Amino acid sequence: MASYGFQSIISHFEFPNNKGLKLYESNHVLNVQEFRPIEGLCFITGFVVRQTSVSLDPYKVQLELDSTRTIKNTVCQCPAEAGSKCKHIAALIIFVNSEEGTSKTDEPQQWGRPAKYCESLYKKEQLSEVDRQCSNILNNIIDNIEQSLKYESNNDFLSNIIIKQVQSDLPKFYSAFPLTLTEHTYFYEKIYVNEAMIKSIFNQTLHQSLNLSWNQNRKIRISASLKAHKIKTLRNKSEQCQNKLAISLLNETTIVGKGASNIQYGLQTEDKAFNAFCDMYNIDVIKSGLVVHICRPWI
C-alpha cells in the first residue's frame, strides 16, 4: 500500500445539480488521499463536511479507479443512498480535478492538507481540528490495510479456483474459433484474461450490481442463467439468427415494476442477511466478485 500524489481522474457521471460544486467551492472537502493496494486498482478517499450539520463528523467518500484512472465505483457514508449522483461524491471528484496552484505530481503532500475554512466549521470544544485530522487519517489507513488484507485473502481463494478450472477443463485453443481480424482484436482486448486480471476483476466487483465494473464485465460475457438459456433454446441456428440473438444479449434492458422493487429490497437487506447467516452458523463467508473462467473467458 502506498500513498501517491494528484493525478486527474475520468468520470462519466452526470450530476443532476450543482450541489457538489457548491460544497467544493465552500472548501468542504478535506483529507484527500490515494491508495493503491494492488496493481491496476487504486482508491481515492476523502472527507466532505456536511452542508447543514457542519459540527458533526464529515462523511467519508471513496472513489475506486481502474488502471486508466477511470472511476469504476463510488461509496459515500451519507444516508441519502444517491449512488453516483451523491453531492458528496461530486464534491470529491471536482476537488481532485480542480485544485488550483498545486502541482499534481510534485507536491503529493497537498492531498492531505485540510482546507483552512473547514477549521472554522467545527465546534472546538468537541474535538480539536488536529485531533480530528489525525483520527480521520488513522481510520483511513486502517481501512486501507484491512482492504489490502482482504484482497490478499481473496487472491489465495481465487488461485485455488483457477487451479480447479484448469484441471477440469483442458485449455482451449482460441484459434479454433473462426474470428475476423476485428473480432480477434476485440477478443484479446475485452474478453481474454490471465490470472492477474481475474483477481483484479474479482476484487473490483465485490459490490456486484452496485459496481460499474460488474455490469461492464458481465455484459460482454455469458454470465447470467437467462443468457445461457436463450443460447441453448435457440431453434434457428442460422448466422442471421445467431447475430440477432447476440445483439439482443448485449442490449441492456431496464427492469421495472415489481422486479425493480424486488431488486431494491434485496440490495437494502443483503448485508443484514449476510451478517445474520455468518452469526447463525459462526462462520466467515467471503463476499464474491465476478469470477471469470481462465480457460473460457467468455463465461
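Quick summary incoming for the structure in this document. Note that this is a predicted model, so its numbers are computed, not measured.

What counts and what doesn't
- Residues numbered from 1 in each chain as written.
- Predicted model: local features only at pLDDT ≥ 70, side-chain atom pairs only at ≥ 80, totals over all residues.
- Heavy atoms only, no water.
- Patch = residues over 30% accessible without salt bridge, like charges linked within 9 Å, V, L, I, M, F, W, Y side chains within 5 Å.
- Areas by Shrake-Rupley, 256 points an atom, 1.4 Å probe, with all protein chains shown as cover.
- Salt bridge = Lys/Arg side-chain N within 4 Å of Asp/Glu carboxyl O.
- Helix = DSSP H or I, 4+ residues; strand = E, 2+ residues; numbered from the N terminus.
- Core = buried A, V, L, I, M, F, W, Y, C linked by side-chain atoms within 4.5 Å.
- Buried < 20%, exposed > 50% of the residue type's maximum accessible area, 1.4 Å probe, protein only.
- Contact = heavy atoms within 4.5 Å.
- 1 Å grid on protein atoms, 1.4 Å probe; cavity = no way out; pocket = protein on both sides within 12 Å on 5 of 7 lines; lining within 4 Å.
- Points joined across faces, edges and corners; volume = space filled by probe spheres on them.
- Nonpolar A, V, L, I, M, F, W, Y, C, P; charged D, E, K, R; others polar.
- Phe/Tyr/Trp six-rings, centres within 6.5 Å; stacked < 30°, edge-to-face > 60°.

1. Description of a nonpolar patch on the surface
A cluster of nonpolar residues, Phe277, Met280, Tyr281, Ile283 and Val285, forms a patch on the protein surface that exposes about 500 Å² of accessible area. With respect to the secondary-structure elements, Val285 resides in the segment after helix H10 (258-281).

2. Quick word on the nonpolar core
With 24 residues, the main nonpolar core has Ile9, Ile44, Leu63 and Leu92 as its most contacted residues. No other element matches helix H2 (residues 87-98), which puts seven residues into this core. Dropping the residues within four chain positions of it, Ile9 is found in contact with Ile44, Leu63, Leu65, Arg69, Ile71, Ile93, Val96 and Asn97. By size, the runner-up hydrophobic cluster in this structure holds nine residues, among which are Leu290, Val292, Ile294 and Cys295.

3. Looking at the layout of surface pockets
Looking at the second largest pocket, its volume works out to about 1,300 Å³. In terms of lining, the second largest pocket is formed by 25 residues, of which the most central are Leu179, Glu183, Ile222, Gln242 and Ala246. Mapped by element, the contributors of at least two residues to the lining of the second largest pocket are helix H5 (181-191), helix H8 (225-232) and helix H9 (239-250). Tallying contributions element by element places H9 first for the lining of the second largest pocket, with eight residues. Considered class by class, the residues forming the lining of the second largest pocket number 17 nonpolar, two polar and six charged.

4. So, the packing of aromatic side chains
Applying the stated criterion across every chain, the model contains five aromatic pairs. On the numbers, 6.4 Å between centres and 75° between planes, the contact of Tyr24 with Phe95 is edge-to-face. Placement of the pair is Tyr24 in helix H1 (residues 19-25) and Phe95 in helix H2, with a sequence separation of 71 residues. Residue Tyr24 is classed as buried on the basis of its relative accessible area, which comes to 15%. A relative accessible area of 6% means that Phe95 is categorised as buried.

5. Some words on the pattern of salt bridges
The final tally for this structure, using the stated rule, is three salt bridges. Residues Arg69 and Glu34 are paired through a salt bridge, measuring 2.9 Å at the closest nitrogen-oxygen approach. In this pair, Arg69 sits in the loop between strand E3 (59-65) and strand E4 (71-76) while Glu34 sits in strand E1 (residues 29-38), placing the two residues 35 residues apart along the sequence. A relative accessible area of 9% places Arg69 in the buried class. With a shortest N-O distance of 3.9 Å, Asp66 and Lys72 are connected by a salt bridge. No difference in accessibility class separates Asp66 from Lys72, as the two residues are buried.

6. Let's talk about the side chain of His88
Within the secondary structure, His88 sits in helix H2. You can call His88 buried: its relative accessible area is 5%. Excluding anything up to four places from it in sequence, His88 contacts Leu23, Val48, Tyr59, Val61, Cys76 and Cys78.

So, to be careful, I would describe these as geometric facts and stop short of saying anything about function.
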